[in-house]
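Commentary on secondary and tertiary structure
These are the residues of each chain, in order.
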Amino acid sequence: MSQRVESPLVAIAGNAKKDGIQTSDQRLLDLGYRPEFRREMSLFGVLGMSFCTIGILTGMSSAFQTGLFSGGPLGLFWGWNICSFFMFLIALSFAEICSSYPTMGGLYFWVCKMKPDFPMLSFFTGWIYSIAMVFTGTSGNLSVALYIASMAEVGSGRTLTRVEIAAIAWGINILSGVINTVGTKAVGRMSSFNVWWTLGGTFVLVVTLLVKSPVKNSASFVFTDFENFTGWSSRGFVVLLGFLQAVYTLEGCETAAQVAEEAKRAEFLAPLAVVGSIVGSWLVGLAYMLALLFSVQNIASVQATTYAIPIAQLFYDAVGTKPTVMCLVVVGFAQFMASVTAFTASSRLFYALARDNAFPAKDWFIAINRFQAPYWGVWASVLVGCIISCAYIGSVVAFNAILSSAAIAVMLSYLQPISIRVFWPDSLPDPGPFRLGKWSWGVNFLSFLFSAFICVLFVLPTAYPVNALNMNYSVVAIGGVIVIVAVNWFSWGHRNFSGPVQTYTLEKP
């Protein structure tokens, strides 16, 4: 019987893989944490995680009307490129920190390590960001329900009630929980698949829109046409309001950090995924946006639509009934995958917070099942998502206020580590392999200015005159989130949390 001889190249590759895992595990041990998760995610899986959470097709489609009515094509095109550039700077800033601290705590852990003398700041960062991820997943799952409702409206003319839409959202929430419970491999494979789905879906949508639309708009319209459905008289302010669409779409690059403890060579691959997801989203989003702008038939028609989600009207006017249903399927499925990864991020954040005594019921939330999933965090996210979805039945305005606060909460969370890097430049004494060198402070400073500006812009009124129906209630919602976190800190957090809790102590030789 012949004996199988292993190729030297296979042996070398196997050893390199083991060395990479050992290097990442050693870095985690150096940070005081014992490795608890199997490192089963490759660069493509980690990149897919961020790319999936950003959800370029979904964010662009769901929020496209915001820019279309606030500045029109001019605001959309220039706002997209300006915001993409600054979000790229934020990604560079995060990548440098992530390379030094590749743990699933992400933003929260970075603040802990860079400002250890102020635990209240990291506590607030972790809680606000965790809530933002739960709200983001909930928003995405309701958006899937709205895409399904729009398919029913376009395909059969049936209009779903709010109760039916909320029921679909509950089902999507539960399905997201099931997928996350299956564990790292399932989410990693889905994230990798989502990269191909997004690229292929964008190609299909762009070709369909440009080929089928009866009237193609001119370059002058796409790059210079100004539209204003807000009631505000200041052209500059109206265009700035359109920036919200771009920022909302591009948030999420940092979620690669939430799976850093499940990735091979995390100190190298996670930063690459953070930056690569923004670059890819910038380019893919630009292609999709241009196709939408060249093929939009009537902006007033989109503004007056009765469909559950306005982008359905743009598709219908441009390509007709059957292609519109196909377009909604492409975007809706991408939205579902993005929502799943938001719950992946929130469950890992709950795990990281509980591990450091910054979250109640520690023993529950640090428990992982045989699929390597922190299942208590997963199903807590699902439960909160289902409860919030109930608000949609009673008041769409209240529901939108809760979910719009998620975008503000993410930007507030962004501000914390960036501010530390600006005002305490020596807060990263042990940089990882991804370094910005002499450009570091300048990148962080510009990122800080942009993040602070967007946080203010997010809470300003988007329509004039302001009334009870069009008021921007997100300021109330984010205020409520901050109050909840503050109550937790002063009631028990300040007694239990003082910073990262080491689960492993290095032995001195």
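Residues numbered from 1 in each chain as written. Predicted model: local features only at pLDDT ≥ 70, side-chain atom pairs only at ≥ 80, totals over all residues. Heavy atoms only, no water.

A contiguous nonpolar surface patch, about 480 Å² in accessible area, is contributed by Ile174, Leu175, Val178, Val182, Phe371 and Trp379. Ranked by residues supplied to the nonpolar patch, first place goes to helix α7 (residues 162-182) with four residues. Mapped onto the fold, phenylalanine 371 is located in the loop between α15 (362-365) and α16 (375-394). (Patch = residues over 30% accessible without salt bridge, like charges linked within 9 Å, V, L, I, M, F, W, Y side chains within 5 Å. Areas by Shrake-Rupley, 256 points an atom, 1.4 Å probe, with all protein chains shown as cover. Salt bridge = Lys/Arg side-chain N within 4 Å of Asp/Glu carboxyl O. Helix = DSSP H or I, 4+ residues; strand = E, 2+ residues; numbered from the N terminus.)

Quick look at the layout of surface pockets now. Estimates place the volume of the second largest pocket at around 270 Å³. What lines the second largest pocket is a set of 15 residues, among which Trp127, Ile131, Phe135, Val384 and Ile484 lie closest to the centre. Of all the secondary-structure elements, those providing two or more residues to the lining of the second largest pocket are α6 (119-156), α16 and α19 (474-496). Looking at the lining of the second largest pocket, the element that brings in the most residues is α6, giving five residues. Of the residues that constitute the lining of the second largest pocket, the class distribution is twelve nonpolar, three polar and no charged. (1 Å grid on protein atoms, 1.4 Å probe; cavity = no way out; pocket = protein on both sides within 12 Å on 5 of 7 lines; lining within 4 Å. Points joined across faces, edges and corners; volume = space filled by probe spheres on them. Nonpolar A, V, L, I, M, F, W, Y, C, P; charged D, E, K, R; others polar.)

Let us look at the environment of leucine 47. Among the structural elements, leucine 47 can be located in helix α2 (residues 43-54). Remark: the alpha-carbon pair of leucine 47 and glutamine 372, spanning 325 residues in sequence, is separated by 20 Å. Look past the residues within four positions of leucine 47 in its chain and what remains in contact with it is Ala273, Gly276 and Ser277. (Contact = heavy atoms within 4.5 Å.)

All right, on to the packing of aromatic side chains then. Scanning the model with the defined rule gives 31 aromatic pairs in all. Residues tyrosine 101 and phenylalanine 109 carry aromatic rings whose centres are separated by 6.0 Å and whose planes lie at 75 degrees to one another, so their mutual orientation is edge-to-face. A residue is classified by how much of its surface remains accessible, and phenylalanine 109, at 1% relative accessible area, is buried. Ring geometry for phenylalanine 423 against tryptophan 424: centres 6.5 Å apart, planes inclined by 75 degrees, an arrangement best described as edge-to-face. The ring of phenylalanine 226 has arginine 235 lying over it, and the distance from NZ or CZ to the ring centre is 4.1 Å. (Phe/Tyr/Trp six-rings, centres within 6.5 Å; stacked < 30°, edge-to-face > 60°. Buried < 20%, exposed > 50% of the residue type's maximum accessible area, 1.4 Å probe, protein only. Lys NZ or Arg CZ within 6 Å of the ring centre and 35° of its normal.)

The end-to-end C-alpha distance of α2 is 17 Å, a good match for the 16 Å that twelve residues give at a rise of 1.5 Å each. Most of α2 sits out of view: nine of its twelve residues are buried. Those residues of α2 not exposed but buried are Gly45, Val46, Gly48, Met49, Ser50, Phe51, Cys52, Thr53 and Ile54. A positive backbone phi angle near 60 degrees is found at glycine 55, which sits one or two residues after α2. (Expected span 1.5 Å × (residues − 1).)

For the rest of this paragraph, the subject is the packing of α6 against helix α17 (residues 396-423). Between α6 and α17, whose axes approach to 8 Å, the crossing angle comes to 145 degrees. In this structure, α6 crosses over α17, and the sense of that crossing is left-handed. Between α6 and α17, the residues in contact are Leu121, Thr125, Ile128, Tyr129, Ala132, Met133, Phe135, Thr136, Thr138, Ser139 and Leu142 and Phe399, Ile402, Leu403, Ser405, Ala406, Ala409, Val410, Ser413, Gln416 and Ile420, respectively. By residue class, the composition of the contact of α6 with α17 is 14 nonpolar, seven polar and no charged. (Axes fitted to C-alpha atoms, helices over the stretch in contact; angles between N-to-C directions. Left-handed = near helix turned anticlockwise from the far one by under 90°.)

A few words on the side chain of glutamate 251. Among the secondary structure elements, glutamate 251 is positioned in the loop between α10 (235-250) and α11 (266-295). Those residues in contact with glutamate 251, other than ones at most four positions away along the chain, are Thr53, Ile54, Met87, Ala407, Val410, Met411, Tyr414 and Phe458.

With that out of the way, let us pick up unusual backbone geometry. Following tyrosine 464, the chain continues into proline 465 via a peptide bond in cis, with omega recorded as 0 degrees. For proline 465, the location among the structural elements is in the loop between α18 (440-458) and α19. For asparagine 357, which is not a glycine, the phi torsion comes out positive at approximately 65 degrees. With respect to the helices and strands, asparagine 357 occurs in the loop between α14 (321-355) and α15. A positive phi angle, close to 55 degrees, is found at alanine 361, a residue other than glycine. Locating alanine 361 in the fold gives a position in the loop between α14 and α15. Judged by relative accessible area, which is 37%, alanine 361 ranks as partly exposed.

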